[in-house]
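# Summary of the model geometry
This is what each chain is made of:
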Amino acid sequence: MKASLPDNETDRLAALYALDILDSEPEQDFDDIVALASSVCRTPMSLVTLLDTDRQWFKARVGTEETGTDRDSAFCAHAILGRDLMVVPDATKDRRFADNPLVTGPTGIRFYAGAPLVTTDGFALGTLCVVDDEPRRLDIEQLQALRALARQVTSQMELRRHAVALANTTARLQELERRKDDLTGLLGGDLRAPLRLLSAYVENLGQTGHQDAEMADLVARATAGHIRGFLDLLHHLTEMAEAGFGSECLHMRQIDLTGITRRAVEAVRPIAASKQIWILNQAGGPALPIIADPVRLEQVLTHLLFAAVKYTPSGGRVRVGTDLESGPAVHLDDMDMPDGMRPELFPHLYYGAIANPASVPGPDRGLAVAKKILDAHHATVALSDRPGDGTSLHVVFPPANPDPSVLLSAPATA
């Protein structure tokens, strides 16, 4: 049975194309997610799929060498019609898929579970799915982990887009800064006289209601000689407005760092549980007001936590907290293992990706992207190492209100 098109298909495709991800090269961050999904769900195949107009393309895959299928036979074309997991325990007994060539043919799909990749604007671009050639079911923990991993895929795609957009905006602003002297020269020199003449003419016209033909001719001749300058001025001002307030910019407002950190912890907790990693959430106590884009910052904090979970060995412990250092801060503590082993997680993240984002290898590209978003928030990232207590990554933000005595109170959360 062929899936119907989503009601917002045109806008959905526009959102997909805006990410500029179709037919891109493989990336370790996405490969790690499908590997983890396959391991958690104990399936031989896992995919990150994106639905184009007439095809299904695999951004990441494990268990197959195929790079995609036609859209008509794609299970994921059905999955994106909903907002939660679509689970098919036995495809041969599901009327939508019983005669599907992926079921009846060599692929022999029997089990499918797909979590839609829903953007922050509400568009389902594809799925993170797990597939088996045997009928089966997933338990609650596996379903929760699959949902959490799907959110991680979407966050990664959106963060990459915003990092590129921020870089482009920064480049435009730098170019405008270089041209500032030209603007100053126009306003203070060549255009000053014609602007004064034009102002006098308009003022006289408004007061008397009569046109002064001689002055009008003088204004016309004065402005005609500087029409190029006026056009340059308008173009420059327009570019400044677009660079500073375009849709690509972050949407900054005052938020509570403590609350957004708690949400990031809960988003990653199902993934940590699937690896038997204990996350101790100490993001409680007083609220810590900062100026930030709440959506992008939550995605960044979630990715830092996901990286911690990804690199921490099974049975490890990660502690997360918020407090007031030189400013409102989030700290992630990679605690010593119960057997006394020293963790090496955060030195790897810091020196390998965060401190040198320009020379980041493939596996840590997502961390370099996160660092660019943090830079746009004027956040400082630092590493500390305390013997007996593991290593810590500190992310410190400028306070929205520099006076700690006016911080709002919030209930503590364990």
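Residues numbered from 1 in each chain as written. Predicted model: local features only at pLDDT ≥ 70, side-chain atom pairs only at ≥ 80, totals over all residues. Heavy atoms only, no water.

We now examine the overall build of the protein chain. Looking only at helices and strands, the protein chain has 13 helices and 13 strands in total. Taken across its 414 residues, the protein chain has 49% of its residues classed as buried. For the protein chain, long-range pairs separated by at least 24 residues make up 68% of all intrachain contacts whose partners lie at least 6 apart in sequence. Counting only carbon and sulfur atoms, one obtains 54% of the accessible surface of the protein chain, whose full area is about 19900 Å². (Helix = DSSP H or I, 4+ residues; strand = E, 2+ residues; numbered from the N terminus. Buried < 20%, exposed > 50% of the residue type's maximum accessible area, 1.4 Å probe, protein only. Contact = heavy atoms within 4.5 Å. Areas by Shrake-Rupley, 256 points an atom, 1.4 Å probe, with all protein chains shown as cover.)

With that out of the way, let us pick up the packing of aromatic side chains. A complete count under the given rule lists 2 aromatic pairs for this structure. Both rings, one in Phe75 and one in Tyr112, keep their centres 5.2 Å apart while their planes meet at 40°; by these two values the pair is tilted. On the criterion of sequence distance, the pair formed by Phe75 in the loop between β3 (68–70) and α3 (76–79) and Tyr112 in strand β5 (residues 111–118) is long-range, its members being 37 residues apart. Tyr112 sits in the buried class, given a relative accessible area of 2%. Members of the aromatic cluster, connected to one another through ring pairs, are Phe75, Phe97 and Tyr112. For the cation-ring pair, Arg136 lies above Phe111, with the distance from its terminal atom to the ring centre recorded as 5.6 Å. (Phe/Tyr/Trp six-rings, centres within 6.5 Å; stacked < 30°, edge-to-face > 60°. Lys NZ or Arg CZ within 6 Å of the ring centre and 35° of its normal.)

This part is about the confidence of the model for the protein chain. A low pLDDT means the predicted coordinates there should not be read in detail. Of the residues in the protein chain, 70% reach a pLDDT of 70 or more, and the chain-wide mean stands at 81. Overall, residues 403–414 carries pLDDT values under 50, and its contacts beyond four positions in sequence, including any with other chains, amount to 20 contacts. (pLDDT = per-residue confidence, 0-100.)

Now for the layout of surface pockets. By volume, the second largest pocket is sized at about 360 Å³. As for the second largest pocket, its lining consists of 20 residues, of which Val118, Ala150, Arg151, Thr154 and Ser155 are closest to the centre. Counting residues per element, the ones that place at least two in the lining of the second largest pocket are β5, α5 (140–178) and α11 (294–311). Residues belonging to the lining of the second largest pocket are distributed by class as follows: 7 nonpolar, 7 polar and 6 charged. (1 Å grid on protein atoms, 1.4 Å probe; cavity = no way out; pocket = protein on both sides within 12 Å on 5 of 7 lines; lining within 4 Å. Points joined across faces, edges and corners; volume = space filled by probe spheres on them. Nonpolar A, V, L, I, M, F, W, Y, C, P; charged D, E, K, R; others polar.)

Next up on the list: the nonpolar core. Counting residues in each nonpolar core, the largest one holds 74 residues, and the members touching the most others are Leu50, Leu128, Leu146, Met157, Leu257 and Leu297. Here this core takes 11 residues from α5, the largest share from any one element. (Core = buried A, V, L, I, M, F, W, Y, C linked by side-chain atoms within 4.5 Å.)

This next bit is on empty space enclosed by the protein. One pass over the full model with this rule turns up 1 cavity of 30 Å³ or more. Within this model, the largest cavity holds a volume of roughly 40 Å³. Lining the largest cavity are Thr261, Ala264, Leu301, Leu304, Leu305, Val330 and Leu332. Secondary structure elements with two or more residues in the lining of the largest cavity: α10 (257–274), α11 and β11 (328–334). Of the residues forming the lining of the largest cavity, the biggest block, 3 residues, is contributed by α11. In the lining of the largest cavity, the residues fall into 6 nonpolar, 1 polar and no charged.

If you check which residues of helix α1 (residues 9–18) are buried, you get Glu9, Arg12, Leu13, Ala15 and Leu16. Seen from one end, α1 has its buried residues packed into an arc of 160°, which puts them on one side. Phi turns positive, to about 55°, at Asp20, one or two residues after α1. (Arc of directions from axis to C-beta.)

With that settled, consider the packing of α11 against helix α13 (residues 365–376). Viewed as axis vectors pointing N to C, α11 and α13 meet at an angle of 145°, and their least axial separation amounts to 10 Å. The chirality of how α11 crosses α13 is left-handed. Residue-level contacts link Arg296, Leu297, Val300, His303, Leu304 and Ala307 of α11 to Gly366, Leu367, Ala370, Ile373 and Leu374 of α13. Here the residues of the contact of α11 with α13 are counted per class, giving 8 nonpolar, 2 polar and 1 charged. (Axes fitted to C-alpha atoms, helices over the stretch in contact; angles between N-to-C directions. Left-handed = near helix turned anticlockwise from the far one by under 90°.)

With that settled, consider the pattern of salt bridges. One pass over the structure, following the stated rule, counts 18 salt bridges. For Asp72, the salt bridge is made with Lys2, and the minimal N-O distance between the two is 3.7 Å. Pair noted here: Asp72 is in the loop between β3 and α3 and Lys2 is in the segment before α1, with a separation of 70 residues, a long-range link. Ionic pairing is found between Glu27 and Arg160, a salt bridge with its closest N-O pair at 2.8 Å. Taken together, the residues span a long stretch of sequence, with Glu27 in the loop between α1 and α2 (28–41) and Arg160 in helix α5 at a distance of 133 residues. Salt bridges sharing common partners tie together Glu27, Asp29, Asp32, Lys59, Arg160 and Lys310. (Salt bridge = Lys/Arg side-chain N within 4 Å of Asp/Glu carboxyl O.)

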